[in-house]
Amino acid sequence: MQRGSQSKPVDVEMEDRLEEMIRYLLQESFQQAYAPMHDTLESDSKKPLYLGCKNSLMLLSAMLSLVNVKTKYGWSEKSFTSLLQVVQDMFP
């Protein structure tokens, strides 16, 4: 099988949870309690994952997807931090 030749199944449940998390972050009570963080999150929800990214993946949704996988499989903070460093080194 060639890499990338088949499309991956979409995890609809994960997408629904990500949308729910994003809606929570945009609520007024969260905005007031965490104003500086809210501004960063709002900006990251509109920022492409990287310059020239050819799909619609935004920085915030990419990070929430990674955190969701971390939680789902019980990764330690140390292993997750290591993964994030590897991913950071891979992207332009």
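Before reading on, note that the structure itself is shown above.
Residues numbered from 1 in each chain as written. Predicted model: local features only at pLDDT ≥ 70, side-chain atom pairs only at ≥ 80, totals over all residues. Heavy atoms only, no water.

K.L.:
What am I meant to see in the nonpolar core here?
P.N.:
Note that soluble globular proteins tend to have their nonpolar side chains buried in a common cluster. Listed in full, the five residues of the largest apolar core are Leu-18, Phe-30, Leu-41, Leu-60 and Leu-64. Not counting residues within four places of it along the chain, the set of residues in contact with Leu-64 comprises Leu-18, Met-21 and Ile-22. (Core = buried A, V, L, I, M, F, W, Y, C linked by side-chain atoms within 4.5 Å. Buried < 20%, exposed > 50% of the residue type's maximum accessible area, 1.4 Å probe, protein only. Contact = heavy atoms within 4.5 Å.)

K.L.:
Before we go on, may I ask you to explain the environment of Asn-68 in this structure?
P.N.:
Among the structural elements, Asn-68 can be located in helix 4 (residues 59-73). On the basis of relative accessible area, Asn-68 is assigned to the buried category, the value being 10%. It is 8.3 Å that separates the C-alpha atoms of Asn-68 and Leu-18, two residues lying 50 residues apart in sequence. (Helix = DSSP H or I, 4+ residues; strand = E, 2+ residues; numbered from the N terminus.)

K.L.:
Looking at this structure, how should I read the pattern of salt bridges?
P.N.:
Two side chains with opposite charge may pair up if their charged atoms get near one another. Inspection of the entire model under this criterion finds three salt bridges. Of the charged contacts, one joins Asp-44 and Lys-47 as a salt bridge, the two residues approaching to 3.5 Å between their closest N and O atoms. Here Asp-44 falls in the buried class, since its relative accessible area comes to 15%. Lys-47 sits in the partly exposed class, given a relative accessible area of 38%. (Salt bridge = Lys/Arg side-chain N within 4 Å of Asp/Glu carboxyl O.)

K.L.:
Please explain helix 4 as it appears in this structure.
P.N.:
Owing to its 3.6 residues per turn, the α-helix aligns residues three or four sequence positions apart on the same side. The end-to-end C-alpha distance of helix 4, which contains 15 residues, comes to 22 Å, matching closely the 21 Å that a straight helix rising 1.5 Å per residue would cover. Within helix 4 the residues assigned to the buried category are Leu-60, Ser-61, Ala-62, Leu-64, Asn-68 and Lys-70. Just downstream of helix 4 lies Gly-74, where phi reads positive at about 65°. (Expected span 1.5 Å × (residues − 1).)

K.L.:
In this structure, what is going on with the packing of aromatic side chains? I would like to understand it.
P.N.:
Any aromatic ring pair is given by two values, namely how distant the centres are and how the planes are angled relative to each other. Counted by the stated rule, this structure contains one aromatic pair. Here Trp-75 and Phe-80 contribute two aromatic rings whose centre-to-centre distance is 6.3 Å and whose plane-to-plane angle is 40°, an arrangement assigned as tilted. By relative accessible area, which is 31% here, Trp-75 ends up partly exposed. Note that Lys-70 overlies the ring of Phe-80, its terminal NZ or CZ placed 6.0 Å from the centroid. (Phe/Tyr/Trp six-rings, centres within 6.5 Å; stacked < 30°, edge-to-face > 60°. Lys NZ or Arg CZ within 6 Å of the ring centre and 35° of its normal.)

Without other data, these values stay purely geometric and don't point to any function.
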